[in-house]
Structures are given as structure tokens and as C-alpha cells.
Amino acid sequence: MHELSELLNVEFYGEWLGLVAEFTTKSLLSWQWASNSVYYLLSLWSRLVTSVPYLKGDTPSLLDETVPKITEGFITSRINSVQASFADNSPDPDNPLENAESLQDQLESLPYLCRFKYESCSLFIINIMEPLLQAYTARSRLPASGDAAELSVIEGQIAWMVHIIAAILKIRQTVGCSQDSQELFDAELAARVLQLINITDTGVHAQRYQEISKQRLDRAILIFVQNFRRSYVGDQAMHASKLYARLSELLGLTDHLVLLNVIVGKIATNLKCYAECEDVIDHTLSLFQELASGYMTGKLLLKLESTKFIIANHSRENFPFLEEYRCVRSRTNFYYILGCLVFMEDGPVKFRSFMEPLLQVAVNLEASADAAFRTDVVKYAFTGLMRDLRGIAMATNSRRTYGLLFDWLYPSRMPLLLRAISLLTDEPEVTTPLLKFMSEFVLNKAQRLTFDSSSPNGILLFREISKLIVAYGSRILLLPNGTNIYRSKYKGIWISLTVLSRALCGNYVNFGVFELYGDRALADALDISLKMTLSIPLSDILTFKKLSKAYYGYMEVLFNNHITINSVLNLDTSTFVHIVTSLESGLKGLDTGISTQCASAIDSLAAFYFNNITAGDNPPSPAALNLARHIGELPSLFPQILKSLFEIIIFEDAGNQWSLSRPILSLIMISEQMFSDLRAQILASQPLDQQQRLSQCFDKLMTDVTRSLEPKNRDRFTQNLTTFRHDFRAK
């Protein structure tokens, strides 16, 4: 687009601007047929107004008269669209009030137009809002049996106005007016929406939470609160004295803490009343999470009575959405937020008090007979507990907070988990939340799983993990394949592999202890995990993305950290070859992350062979002897992998060349003859006139590379390989 200053110099600028304004106005009036063009038209006008501050000279832009008319035309057209088309109280995917992407497109440029002549625009919006609020307030005093269609229209119109105000408050700029003036106008608009919050939750409206038009309106209010909070609550509050002075005059909201209490009150009301609307619950929790995750706003939340009520009364009686199946995923997020707030304050006493409702659920489950575990009531109570605990576990980001949850769970609650996974292995709706909780619980993020040097907790935790994985794996393998094998088996298996991978590389267990004291926890966990992986055809592993990531992530951990006690090397040769071949298949896949994991696993295997067999001085260990036996029975295994790696480096544009270079060097170190044979094979496949040049490329590849796998030698080889690839591919 041309600069506005250039357009002003065009002779027919005024005529052009008038025609564009006329076309825009007609398009806005014809919203039924021109809705897709609104985004582009408003984008044009927003670019024009944002260029005004950079104008030089006295030539008038003519925007002062034109832009307010465009702005008013857009707002009027949105109000009219509700009256004409959206009076019904049913879901409509074409309605922008239910289509976040469409709404975002329509409102993206509007704030710049509104703030261009903010005083007149805000007065225009207020003049529309006031009668709507009065009508809505009046309806709250009438019986619920009034005209539902009329009420739906009013709510739709108010929803549009709230979205427009939210969009304006999202962007703060001072073009056209001072910051103080801007704050006053922001306060005037915000006051109308904050006044609306009281109306929506009182009178007849408080009984209408299941109606679509009410849900549209509350979603709009949540977006307004989110945008307004980002601009004027928390760290920004100290710079908004004019705004709070005006809000105090209009509504008695003297500062951001009082305002925050109103916001949390709305959050609590939504969580209480929207038991069956997952969308509004998710929007509400998103706002709650944003407030809780800010350091300053999180501390402020803890001072509020509304927040204290939620923390002290987080039961299904107070928040019925916790019992609603369609909102089941929201439970984890809800308890993650509460966990973040609880952990902001020190003290195990407060934590235990907070956990009391969950403790009661656990105690009741422990008292249930085995037969009762298959009833829907018990299954739902248990899965809910697992989702809740997972949220709390997600909120533990320090050694102190993790320790509080660990002490609550171990040892008293762990038998319940083992019992549930043993009795309900064939119920993925139960085992999946349980395994996902354990996957979070064993993850050593932010070094939260750091126990004292004299503490056995790391070992004890792994023993519990081993019991769960063995109990699940030994039973899931015996079950027949269902019609949906991913849901019935593969999902549980890949989550189990993730649990074990995180535990194996969490660095909080000395695994040598298990072998030293004859404890089978590690060996049994590795054994059953390998059996689970081998039960899945390689084609299925490569087909299901989450399964692939878990499988290859597990193999990387297994080969990198546990090869000396690795039961992979104890397998028969055909099974060992199957696993290594699966790593080669992963190398060739399109996923760079998986390719890198496979390269790392192959590098560990080849380096182990080089260090313990090729260059080993001492008598080989049993693991090394097993590996030598496997390779002796299938000598083509390593050459085939080396060939695949070279083909990827030479012929493909892999984004992980550094990772691929590592196993290449380890394999070359194993056998110079293997490398010489591959070199001859690759050269023979190239045109005769290129073979001499390419042979020189191979000569340079090993320049200054010694027969070792020391880090400096690896880095030198990686540099040579980059040069080799470039020279080899040069024409």
C-alpha cells in the first residue's frame, strides 16, 4: 500500500476517498452478502488512520469526517444483523458471535478507527449501550416466561457491543488524544460492561445459563475482562489513576484490587452455573489461569474473599461442572490453577486443608469392594481424582511443592492406584487418566524431584512405577484386540512408555541399587515394556504419531542410559534385529525429532560396540558378548544402517545433520573395511566423470579424524561431514 503522504499528492485523492467510503458503507449495510470483505475494507481504513501522525504539510487528509462515519456504520450494521438474522436461540456456526476466527477478522482493525476520534466514538457506543442495558435490566425483573426471542436479540446486540469494547481496550494508543483523556474514555466504556456483569448474574438472567444467547454474552464478557485486565489490572494499574478515579465515580471501583474481586466473582459464578457448557467453562478457566499465572496478580488473588472461597470449597457441590462428563477435561486445568495459587503460600497445613476433599474421595474409593470398581459411580470418581491430582502435580514446580504432594500420595495412596490399574486394565477411560497422572508425577521438570542424599524416595518412587507398569503391561498383553485398537491398547502402551522414559532419565534414581540388592523392579519394568513394544507391528508404530514419539523416545533412553543392563541385548537375535531395524525406519521418517532420537540410540549402540568389542582391552562383559553374537549372526546390520545414514546426508535436506553425524562416526570407527566397502559402493553408483572428484571428497572426510570417539574428534568429523556434503552435491 502507498504511504498516505503519497496519496495526498494525487490529484483525485478526495474523489477516491469518497468512493471508497461509499463502497465501504454499502458493504457494511449489505452484511448478509459482503461479510468476507469487511476485514479488507477495515484494514484499509486502519492503515490510513495509523499513517496520519507521520503526515507533513498542510494538505488535509479528509479522514476526520470520513472515519467516524465508517466506524458508526460498522457498529450499526452489527446491531442490525442480530435483529435480522440471529434472533433464534440455537447454535449457528456462521454467527460471528460463535466463530472466534470470524469475529477476530471483523474486529482486528476496528480499534484503530475507534481511537482515531475516540471521544465521539465512545459517546456513540455509550448511546447504543445505555438503552440496551436498561432494557436488559428491566427484563431481569420480569418472570422468566417472557418473550424469549426478544431477550435473545437484546443479548446478541449487547454481546456485539461488549466484543467491540473489548477490542478497543485491547489496544492502547494515544493518537488523537492524550493518555489521560484516553483513560477517561476507556473507563466510560469499561463501566458499562462491568455494570452488565451484575445484571447477567441476577434476576431472571441468573436462571438462563443453559441458553445459547446467554452463553454468547458471557463469552463476550470474558473476552472483555481478559483484554481489560491486560491493560489496567496488575503491573499496569499504577499507571491508570485517571481510569480508576472515573470508575470510582461511576461504580465505586476504587482500585484494581476491588476490580479484581469483581472479576474473580464472575469467574466463580460461571464455574458454579455453567455445568453443561464446556466452551464457557474453558473460557472462564483460561481467564482464571491467566490471572493466577502472573506473579503480581497471583499474589493479589490470594487476598480476595472470592478466591479464598474457591480454594476452600472446590467440591462438586459448589462447582457442578466437576461432575459433568462433557467438562471432564476441564478438571485438570481447574486443579492446576488452584494448585498454582495454593503453592504460592508456604505451609503444609494449608496444603493438607486444600487436599481434604480429595482425601475423602480417595478414602471412599479405598473402602470400595473390588466388584464395585466396575460400577460407573466408582469409575467416574476414580478418574476424576486422577485428573484432579494431575492438575495439582502440574502446578508443583519446586522441590518444596513437589514434596508436599509426594508425602500426601506416598505410601498411603499408592495401593489404590495399583488396585485400580489391576482391576480395570480393560477400561481405557480409567487407565488413561491414571497413566497420564503418573506421567506428570514422575517428570523431573525444574529439578523438582530432588530428594535429600540420605532419602530413599527416588528408589521408592521407581518401585511404585515399576509395579504399575508391570501390572498394566502384563494384563494388557493378554487382552484381545478390539475394534479400536489404538484406544483399547496402543494409547495405554505409549503413555506407559512415556512414564518409564521419564523415570529412567529423571536422574533421581541410582539404578545400580536394584541389581546390587537383587531387586527386580528395574528388570521387570524393562522386560514388560519391551514385550509391549514388540506386541505392536512396526507399521502401526510408524502410523500413529503419539505412539511413534513415545516408542522412539523410550528407545533413545533405553540405549543411551541403560545399555549395560539393557534387556534388549539379552533378546534373541531376530528380536534384537527387529528393534534396531525399527530405529533405521525412524531415521528415514519425515519427523526430525524422531530421526534425532533414532540417531542418538544408534550412536549409543555403535559406541558401546566400539568401546567394548572393537577397542576393548578387558574381557568383554555379558552384554558386550551378546551384542557381538547378534552382529556375528547378521553382519550386514551395521553396514546397512551406515548406508542409510550416508544416503540421508548426501541426498536429502535433513535438518538434523549434527545428530546424524554422531552415529556415522561411531559406525566408521567399528570397521574401516565397512566404510571402505560403502565408499566403493556409493562411488560406483555415480557417473564415471564424477567418480574421481567424489573420491577426493571421501578422502577429505577423514582428514585429522583419529580413531576415537572423544568429543573433539566427533566435532572435527561433524565439520568435515558438512564440507563433504556440500562438495559431494556440488555440480
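Only a predicted model underlies this, so the values are computations on that prediction, with no experimental measurement involved. (Residues numbered from 1 in each chain as written. Predicted model: local features only at pLDDT ≥ 70, side-chain atom pairs only at ≥ 80, totals over all residues. Heavy atoms only, no water.)

Notes on the overall build of the chain
This is how the line gets drawn: Helix numbering and strand numbering both begin at the N terminus, where a helix is a DSSP run of H or I of at least 4 residues and a strand a DSSP run of E of at least 2. Exposure categories follow from relative accessible area, calculated using a 1.4 Å probe and restricted to protein chains: below 20% of the type maximum is buried, above 50% is exposed, and the middle band is partly exposed. Here, residues are in contact when the closest pair of their heavy atoms is within 4.5 Å. The Shrake-Rupley method, run with a 1.4 Å probe sphere, supplies the accessible areas, and residue values consider only the shown protein chains as cover.
Of regular secondary structure, the chain possesses 36 helices and zero strands. The principal-axis extents of the C-alpha atoms in the chain amount to approximately 90 × 75 × 50 Å. Counting all 731 residues of the chain, 52% fall into the buried class. Residue pairs at least 24 apart in sequence account for 75% of intrachain contacts in the chain once pairs closer than 6 positions are excluded. Surface accessibility of the chain: about 32,300 Å² in total, with carbon and sulfur atoms responsible for 53%.

Describing the packing of helix α13 (residues 256-273) against helix α14 (residues 278-293)
Inclusion rule: Only the stretch in contact is used when fitting a helix axis, every axis being a line fitted to C-alpha atoms; angles between N-to-C directions are given from 0 to 180 degrees. Handedness of a helix crossing follows the sense of rotation of the near helix relative to the far helix, less than a right angle counterclockwise being left-handed and clockwise being right-handed. As a working rule, the residues Ala, Val, Leu, Ile, Met, Phe, Trp, Tyr, Cys and Pro are called nonpolar, Asp, Glu, Lys and Arg charged, and the rest polar, with Gly in that last group.
Orientation of α13 relative to α14, taken along the N-to-C sense of each, is 145°, at an axis distance of 9 Å. Seen from above, α13 lies across α14 with left-handed handedness. Contacts between α13 and α14 involve L260, I263, I267, N270 and L271 on the former and, on the latter, V280, I281, T284, L285, L287, F288 and L291. For the contact of α13 with α14, a count of residues per class yields 10 nonpolar, two polar and no charged.

Re helix α11 (residues 212-232)
Heads up, the rule is: Helix span, as expected, comes to 1.5 Å for every residue beyond the first.
Here α11 contains 21 residues, and its C-alpha end-to-end distance of 30 Å stays within 8% of the 30 Å for a straight helix at 1.5 Å per residue. Of all 21 residues making up α11, 19 are buried, and the element is well covered by its neighbours.

Observations regarding the nonpolar core
Stated formally: Buried Ala, Val, Leu, Ile, Met, Phe, Trp, Tyr and Cys residues form a nonpolar core when they are joined through side-chain atoms within 4.5 Å.
Counting residues in each nonpolar core, the largest one holds 243 residues, and the members touching the most others are F224, M438 and F646. Considering every element that reaches this core, the biggest residue donor is helix α9 (residues 148-170), with 14 residues. Beyond its immediate stretch of four places on either side in the chain, F646 contacts I664, I668, F675, L678, I682, F698, L701 and F724.

Thoughts on unusual backbone geometry
A cis geometry characterises the amide bond from Y410 onward to P411, with omega recorded as 0°. Considering the arrangement of structural elements, one finds P411 in the loop between α20 (399-409) and α21 (414-423). Even without glycine at this site, Q447 takes up a positive phi of about 55°. Looking at the secondary structure, you find Q447 in the loop between α22 (428-441) and α23 (457-476).

Focus: the packing of aromatic side chains
The condition that has to hold: Aromatic contacts are taken between Phe, Tyr and Trp rings whose centres are within 6.5 Å, Trp giving its six-membered ring; a plane angle under 30 degrees counts as stacked, one over 60 as edge-to-face, and the others as tilted.
In the structure shown here, the tally under the stated rule is 30 aromatic pairs. Between Y39 and Y40 the ring centres are 5.1 Å apart and the planes differ by 80°, which places this aromatic pair in the edge-to-face class. Look at Y551 and Y552: their rings are 4.9 Å apart centre to centre, the planes differ by 80°, and that puts the pair in the edge-to-face class. For the residue pair Y551 and Y552, the accessibility class agrees, reading buried in each case. One aromatic cluster is present, built from ring pairs that chain together Y402, F406, Y410, F437, F441 and F451.

Thoughts on the side chain of T431
If you trace the backbone, T431 turns up in helix α22. Those residues within four positions of T431 in sequence are excluded, and the remaining contacts are I421, L424, T425 and Y472.

Thoughts on the domain arrangement of the chain
Note the cut-off: Segmentation of the chain into domains, including their bounds, is taken from an automatic or database domain assignment.
Each assigned domain of the chain is listed here: domain 1 (1-91), domain 2 (117-142 + 156-254) and domain 3 (572-580 + 590-729). Its C-alpha centre places domain 1 at a distance of 63 Å from the equivalent point of domain 3.

Overview of the environment of L449
Mapped onto the fold, L449 is located in the loop between α22 and α23. Setting aside residues up to four positions removed in sequence, L449 forms contacts with Y402, F441, V442, L443, N444, L461 and Y508.

So, the environment of T718
As a reminder of what qualifies: Pairs of N or O atoms are called polar contacts if they sit within 3.5 Å, as long as, within protein, a hydrogen donor faces a hydrogen acceptor (for residues adjacent in sequence, only side-chain-to-side-chain pairs).
Counting through the fold element by element, T718 comes out in helix α36 (residues 711-729). Excluding residues that lie within four positions of it along the chain, T718 makes contacts with W658, S661 and R662. In this structure the side chain of T718 is engaged in a polar contact, spanning 2.8 Å, whose partner is the side chain of S661.

With respect to the side chain of E440
Residue position: E440 is located in helix α22. Setting aside residues up to four positions removed in sequence, E440 forms contacts with R390, A393, M394, K445, R448 and R502.

Here we look at the pattern of salt bridges
The line we're drawing: By convention in these notes, a salt bridge is any Lys or Arg side-chain nitrogen within 4 Å of a carboxyl oxygen on Asp or Glu.
Enumeration according to the criterion identifies 43 salt bridges in this entry. Salt-bridge contacts for E22 lead to K26; the nearest nitrogen and oxygen are separated by 3.3 Å. Of this pair, E22 and K26 are both found in helix α2 (residues 13-29), four residues apart, which corresponds to roughly one turn of the helix. Judged by its relative accessible area of 40%, E22 falls in the partly exposed class. Taking the shortest distance from any N to any O, the salt bridge between R520 and D524 comes out at 2.9 Å. Residue D524 is classed as partly exposed on the basis of its relative accessible area of 29%. Sharing partners across several salt bridges, the network here consists of R374, D376, K379, D426, E427, E429 and R487.

Points about the packing of helix α29 (residues 573-587) against helix α30 (residues 592-614)
Applicable threshold: If an angle is under 35 degrees, it is roughly parallel; if it is over 145, roughly antiparallel; if it lies from 65 to 115, roughly perpendicular; otherwise it is oblique.
At a minimum axis separation of 7 Å, α29 and α30 run at an interaxial angle of 140°. Looking at the two axes, α29 sits oblique to α30. Crossing geometry of α29 relative to α30 is assigned as left-handed. On α30, the residues touching F576, V580, L583, E584, G586 and L587 of α29 are I594, S595, C598, A599, A601, I602 and L605. Looking at the contact of α29 with α30 residue by residue, the classes come out as 10 nonpolar, two polar and one charged.

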